[in-house]
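Report on the structure
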Amino acid sequence: MHPVRRPAWTPPPPLPGVAWGEDPGARLVAYYQEVAANMADLPFYNPRLTVAALPFCRVEGDWLGVVWTPWFLNAFLLPGGGTLWQDLSQGERRRVALPVGEMDFLGDQAPALGPFQYCPLVAPVEDLTGQEEAAAVARQALDTLLLPVAAEGEAAEMALPGEGPARGPVEAPNTPLLASLDGPEAPLSPAAGEQAPSRTDKEPARRGFLKTFLGQGH
């Protein structure tokens, strides 16, 4: 008689998501600022960046946004009482149907936040020259997530964050472009001895990023 094989790791039961009534971006920034205090000596830490977030928007009633730190740039999904959120165990993966298509999100949790889910977009972020470029890449990524595939060759109409009232299931936030807490600002220019990439250097990289990014949905 063969012994019963048991999985090496069983995920814990998921924490039930509690709806956030307000944009959770500032709380995520505060959480990752605390984490950043222990990350500065790691080789993939980019000292030109600080923790910040774009304003989150509601998609089908839940919260979607982009946060960046000196070591990653990720999309985050948090419960808002809508239909997009589904409880997920820490470390588990699920496909989330966004306007752009289905994307892979991982479950996680923290005492200060409760459960949340994230989609890795850029890691490490050592090639980003500072907050200005990180914000531009984050904006491009979020706009892409919220842009539905045009039907029959026609451009789909979409309200993006900061561009007036939302249409359909996406609600635009009323907060400023960057939702970050007070703290030391990272330099917006390259470090001494480094040459800033030219526009022609950046554009192919961003196009390649978006091609890889969109490829997750297919």
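Cut-off values and rules
Residues numbered from 1 in each chain as written. Predicted model: local features only at pLDDT ≥ 70, side-chain atom pairs only at ≥ 80, totals over all residues. Heavy atoms only, no water. Helix = DSSP H or I, 4+ residues; strand = E, 2+ residues; numbered from the N terminus. Buried < 20%, exposed > 50% of the residue type's maximum accessible area, 1.4 Å probe, protein only. Areas by Shrake-Rupley, 256 points an atom, 1.4 Å probe, with all protein chains shown as cover. Phe/Tyr/Trp six-rings, centres within 6.5 Å; stacked < 30°, edge-to-face > 60°. Lys, Arg positive; Asp, Glu negative; His and termini not counted. Salt bridge = Lys/Arg side-chain N within 4 Å of Asp/Glu carboxyl O. Polar contact = N/O pair within 3.5 Å; in protein donor to acceptor, adjacent residues only side chain to side chain. Contact = heavy atoms within 4.5 Å. Expected span 1.5 Å × (residues − 1). Pairing = 2+ DSSP bridges. Core = buried A, V, L, I, M, F, W, Y, C linked by side-chain atoms within 4.5 Å. pLDDT = per-residue confidence, 0-100.

**Quick word on the overall build of the protein chain**
Helix and strand content of the protein chain: three helices and eight strands. Start at the N end of the protein chain and walk to the C end: the helices and strands fall as α-β-β-β-β-β-β-β-α-β-α. Here the protein chain holds 218 residues, and 41% of them are scored as buried. Accessible surface, the protein chain: about 12200 Å² in total, of which carbon and sulfur atoms supply 54%.

**Concerning the packing of aromatic side chains**
The final tally for this structure, using the stated rule, is nine aromatic pairs. An angle of 40° between the planes, with centres 5.8 Å apart, marks the rings of F76 and F116 as tilted. Taken as a pair, F76 in strand β4 (residues 73–78) and F116 in strand β7 (residues 114–122) lie far apart in primary sequence, 40 residues in all. Residue classification places F76 among the buried residues on the basis of a relative accessible area of 0%.

**Remarks on the side chain of D62**
Inspection of the secondary structure puts D62 in strand β3 (residues 62–68). The side chain of D62 is buried and forms no salt bridge, while R58, the nearest opposite charge, is found at 5.8 Å. Within the structure, D62 has its side chain in polar contact with the backbone nitrogen of L84 (distance 2.8 Å). Apart from the residues lying within four places of it in its own chain, the contact partners of D62 are C57, L77, L78, P79, G80, G81, G82, T83, L84 and W85.

**Overview of helix α1 (residues 25–36)**
The end-to-end C-alpha distance of α1, which contains 12 residues, comes to 16 Å, matching closely the 16 Å that a straight helix rising 1.5 Å per residue would cover. Residues of α1 that are buried in the fold lie against β1 (52–53), β3, β4 and β7.

**Here we look at the pairing of β7**
Each regular strand carries side chains that alternate between the two faces of the sheet. With respect to burial, β7 is a largely interior element, seven of its nine residues being buried. Here five bridges tie β4 to β7, and the two strands are oriented antiparallel to one another. By the bridge assignment, A75 is partnered in β7 with C119. One ladder, built from five bridges, connects strand β6 (residues 101–110) with β7; its direction is antiparallel. Its bridge partner lying in β7, G107 is registered against Q117.

**Considerations on the pairing of strand β5 (residues 93–98)**
Side-chain alternation along β5 places R94, V96 and L98 on a buried face and R93, R95 and A97 on a face that remains uncovered. Between β5 and β6, which pair antiparallel one after the other, the connecting turn spans two residues.

**Let's talk about the nonpolar core**
In terms of nonpolar packing, the biggest core is built from 31 residues, with L64, V66, W68, L73, L98, F105 and L121 touching the most fellow members. Ranked by the residues each element gives to this core, the list is headed by helix α2 (residues 131–146), at eight residues. By size, the runner-up hydrophobic cluster in this structure holds 18 residues, among which are V29, Y32, F56 and A110.

**Here we look at α2**
For α2, spanning 16 residues, the distance from its first C-alpha to its last is 22 Å, which sits close to the expected 22 Å at 1.5 Å a residue. Counting buried residues in α2 gives 12 out of 16 residues, a clear majority hidden from the surface. For α2, every residue scored as buried is listed here: Q131, E133, A134, A135, V137, A138, R139, A141, L142, T144, L145 and L146.

**Quick word on the confidence of the model for the protein chain**
Per-residue pLDDT for the protein chain averages 77, and the proportion of residues at 70 or more is 64%. Considering only residues more than four positions removed or in separate chains, one finds that residues 151–168, a stretch of pLDDT under 50, has 30 contacts. Low pLDDT, under 50, characterises residues 174–210; the predicted model gives this stretch 59 contacts beyond four residues in sequence or across chains.

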